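For reference, the chains in residue letters:
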Amino acid sequence: MTKKITLTILTGLLMLCLPNFSFAQYCIPTTNCTDGDGLINFEIGTFSNPSGCGSDLDSLGYSDFTALPGLDLAQGVPYTATFTSGFGSQQVSAWIDADNSQTFDAIELVLMDFPAGTVPAGAEITIPASLPIGSYTMRLQSAYNTPSSDDPCTMPNFGETEDYTVNVVAPPSCIPISGLMSPSASATEVTLSWTDNAGAAAWDIELVQAGGTPTGVPNSAYNDITNPVTVSGLNALTSYDFYVRADCSTDDANVSDWSGPITVTTACSSFAPPYYEAFDAPEVFGTLPDCWEQANAGTPTDGPMEFGSSTWGQDGLGNVGTSGAYRINLFTNTRSDWFITPEFDLTTGGPYQVEFDFAIVQYANQNATNLGSDDEVQFLVSTDAGLSWSALQVWTAADNVDPAGEKIIFDLAAYAGQTIKFAFYGTEGEVDDAEDNDISFDNFYVRTPPNCVDISGLTTGALTANTAEISWTENGSATLYDVEYVLAGEEPTGTPTLNDVSNPVTIMGLSATTEYDVYVRADCGGDDTDVSLYAGPITFVTECDVYAPPYLESFEDFVPECW
């Protein structure tokens, strides 16, 4: 109550002391915007105003921008207003004092509780066609984590209020469209629709790759089109920016301003082999490779049921490292999760095979283990877009899997001429076993069987200060191999450091207490013309060397090297 009385008295004194200012009779809210709440940029039409946390009229959280020129908006024209805040979770509302009564009524609300944050966000504001030409006060309010439209005279604890002068001008002869949206999108087509505000019978479209600069010239195939329209001939899994304008004369002589962009990403399409997913792209943690899906319920008999999430997540194959593969942990009997591949078109070419590296280890280490009594991991195939599934392989407690990883290969001759997809399914079963295991896979490949099969199970053996023994599992008939090693974290060149070596091999001439990444490929011809993909990296650290005096340790590290 005290705060309300104080604000009323302060407002009254300001009205007496500043009678010549148009804002003197408007209510002046106060709130806290020192943490970035409110607006740091407002754009509409050609008008732009970068701002911050204001304190005009000694009211924190209030800024008077009514003296700024250039905020000219036309009657009946929809505009995209862009808001940027210095803090997330804002809700922005806008009023225009249409009767210049120096109050903002509910019917003068032109934008209500639009969500905004630190990334610029655009909202559509239309000046009423009935609003007479003239100048009016526009109020913007941004409130943190709460509606901002309840009362233009009060504010919650965090937010900001900004006042502007808007000059309402006559509309253009061809008014822009509004409500641009995309009701549907396939792999190669996007449907667009919008609201006409000009009585136009034709419209123009320009599309560019998302983020590209539009030319202002319609695409030739989409000049004088109807509403709605389907834009075709697009690339799958690609983002496009679409712009639309009304063509009131159907000859480009009397057109509206462009509206947009609206950004639309086309859907996934079937992949034609060869297809390779190494799971090592620099993805945001928790995101999926393009066109892969997750589900966390269902059985192989019934299929997946709850799409969108599962406990399959990024990790290292066999718990070597923390990325570059996908893993599920089987410990609780409530777990029954899917990781589903894209579709693959086997209607042309072939023969084909599917392959991947597979490992089972104990939780959070690299020790060999077996699944629990009724635990299962299945690799499944579907020929009807996921409506039904068949198991290509099932791993149970009876299977011993190399903790360093095994190369799993399936011939796809039985699926020639079809479109198929695969899934990895892991379940703890009904028995809550004591076993706590991590199951992972990597290097998923659909391709024509290579002449030179990839190796697997890359591992290190004996290490000294200057040498490292490396071994692996041969999955074909190769007897010679190429090795490349680099300092840990460096990009490999693809050119072997050691050429045509046997398995295992001892790398010589290394530096002591140094971390290295090693890659190995099979060389079936012994001449680098018939080789497999590189497997790896596997990372190791060489041992300490014997120091020759003089030797000085200043103990600047908590544990000095080799102590």
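Residues numbered from 1 in each chain as written. Predicted model: local features only at pLDDT ≥ 70, side-chain atom pairs only at ≥ 80, totals over all residues. Heavy atoms only, no water.

**Q** With reference to specific residues and values, describe the overall build of the protein chain.
**A** When you go through the protein chain residue by residue, the secondary structure sums to one helix and 36 strands. Here the C-alpha radius of gyration of the protein chain, 33 Å, is well above what a compact globule of 563 residues would show, namely 24 Å. By its C-alpha atoms, the protein chain is 90 × 70 × 50 Å across when sized along the principal axes. Expressed as a percentage of its 563 residues, the buried residues of the protein chain come to 45%. For the protein chain, restricting intrachain contacts to residue pairs at least 6 apart in sequence, the fraction spanning at least 24 positions comes to 71%. Surface exposure of the protein chain reaches about 26,400 Å², of which carbon and sulfur atoms provide 52%. For the protein chain, the distance from the average site of its 10 positive side-chain charges to the average site of its 77 negative ones is 6 Å. (Helix = DSSP H or I, 4+ residues; strand = E, 2+ residues; numbered from the N terminus. Rg over C-alpha atoms; globule rule 2.2 N^0.38 Å. Buried < 20%, exposed > 50% of the residue type's maximum accessible area, 1.4 Å probe, protein only. Contact = heavy atoms within 4.5 Å. Areas by Shrake-Rupley, 256 points an atom, 1.4 Å probe, with all protein chains shown as cover. Lys, Arg positive; Asp, Glu negative; His and termini not counted. Charge placed at Lys NZ, Arg CZ, Asp CG, Glu CD.)

**Q** Report on empty space enclosed by the protein, specifying residues and quantitative values.
**A** What the rule picks out here adds up to one cavity of 30 Å³ or more. What lines the largest cavity is Tyr276, Asp357, Lys407, Asn443, Asp454, Ile455, Leu533, Tyr534 and Ala535. (1 Å grid on protein atoms, 1.4 Å probe; cavity = no way out; pocket = protein on both sides within 12 Å on 5 of 7 lines; lining within 4 Å. Points joined across faces, edges and corners; volume = space filled by probe spheres on them.)

**Q** Describe the pairing of strand S13 (residues 203-209), naming the residues involved and giving the relevant values.
**A** Counting buried positions along S13 gives six out of seven residues, so the element sits mostly inside the fold. In the sheet, S13 pairs with strand S15 (residues 239-246) via seven bridges, with the strands oriented antiparallel. Each residue of the ladder has a partner; that of Val208, found in S15, is Asp241. (Pairing = 2+ DSSP bridges.)

**Q** Account for the pairing of strand S10 (residues 159-169), with residues named and values stated.
**A** Taken across its 11 residues, S10 has eight buried, putting it largely inside the fold. Strand direction decides the pairing type here: strand S4 (residues 72-74) and S10, joined by three bridges, are parallel. Bridge assignment links Leu73 to a residue of S10, and that residue is Val168. Alignment of strand S9 (residues 134-144) against S10, held across 10 bridges, turns out to be antiparallel. Considered in S10, the bridge of Tyr136 is made with Val166.

**Q** I'd like a description of the pattern of salt bridges, backed by residues and values.
**A** Scanning the model with the defined rule gives 13 salt bridges in all. Note that Asp315 is salt-bridged to Arg327, the shortest N-O span being 2.9 Å. Here Arg327 lies in strand S22 (residues 325-330) and Asp315 lies in strand S21 (residues 313-315), a separation of 12 residues in the sequence. Among the ionic pairs, Asp438 bridges to Arg327, the shortest N-O distance being 2.9 Å. Taken together, the positions of Asp438 in strand S29 (residues 437-447) and Arg327 in strand S22 put the pair 111 residues apart, joining distant regions of the chain. (Salt bridge = Lys/Arg side-chain N within 4 Å of Asp/Glu carboxyl O.)

**Q** Would you mind going over the packing of aromatic side chains in detail, with residue names and values included?
**A** Within this structure, the stated rule accounts for 47 aromatic pairs. Ring centres of Trp194 and Trp203 lie 5.7 Å apart, and the angle between their planes is 70 degrees; this geometry places the pair in the edge-to-face category. Here Trp194 and Trp203 have matching classes, each one buried. Plain terms: the ring middles of Tyr485 and Tyr516 are 6.1 Å apart, the flat faces sit at 75 degrees to each other, and that makes the pair edge-to-face. Here the residue Tyr485 occupies a position in strand S32 (residues 481-487), and Tyr516 occupies one in strand S35 (residues 515-522), the gap between them amounting to 31 residues. On the basis of relative accessibility, which here comes to 7%, the residue Tyr516 falls in the buried class. (Phe/Tyr/Trp six-rings, centres within 6.5 Å; stacked < 30°, edge-to-face > 60°.)

**Q** Tell me about the state of the cysteines, and name the residues and values.
**A** Evaluation of the coordinates by the stated rule reveals six disulfides. Disulfide pairing is shown between Cys33 and Cys53; the S-S distance is 1.9 Å. Its torsion about the S-S bond being 80 degrees, the disulfide of Cys33 and Cys53 is classed as right-handed. A residue pair is termed long-range when its members are at least 10 positions apart, and Cys33 in the loop between helix H1 (2-17) and strand S1 (41-44) and Cys53 in the loop between strand S2 (47-50) and strand S3 (62-65) qualify at 20 residues. Overall, Cys33 belongs to the buried group, its relative accessible area being 2%. Each disulfide pairs two cysteine sulfurs, and for Cys268 the partner residue is Cys291, the sulfurs being separated by 1.9 Å. Judged by the sign of its S-S torsion, about -100 degrees, the cystine formed by Cys268 and Cys291 is left-handed. Placement of Cys268 in the loop between strand S16 (259-265) and strand S17 (275-277) and of Cys291 in the loop between S17 and strand S18 (293-295) is noted, with a sequence separation of 23 residues between them. Overall, Cys268 belongs to the partly exposed group, its relative accessible area being 36%. (Disulfide = S-S within 2.5 Å.)

**Q** Give a detailed account of the side chain of Asp442, specifying residues and quantitative values.
**A** Its place among the elements puts Asp442 in strand S29. Here Asp442 is buried and forms no salt bridge, its nearest opposite-charge partner Lys407 lying at an N-O distance of 8.5 Å. Apart from residues no more than four positions distant in its own chain, Asp442 is found in contact with Ala278, Phe279, Leu317, Gly324, Ala325, Phe356 and Asp357.

**Q** Describe in detail the sheet that holds strand S30 (residues 456-463), supporting the description with residues and values.
**A** With antiparallel pairing, the three strands of this open sheet are ordered in space as S30-S31-S34. The two strands at the open ends of the sheet, each matched to only one other strand, are S30 and strand S34 (505-507). Here the average twist between neighbouring strands, direction ignored, is 30 degrees. In this sheet, strand S31 (residues 468-473) lies alongside S30 in antiparallel orientation, the contact comprising four bridges. What sits directly across from Thr460, in S31, is Ile470. (Axes fitted to C-alpha atoms, helices over the stretch in contact; angles between N-to-C directions.)

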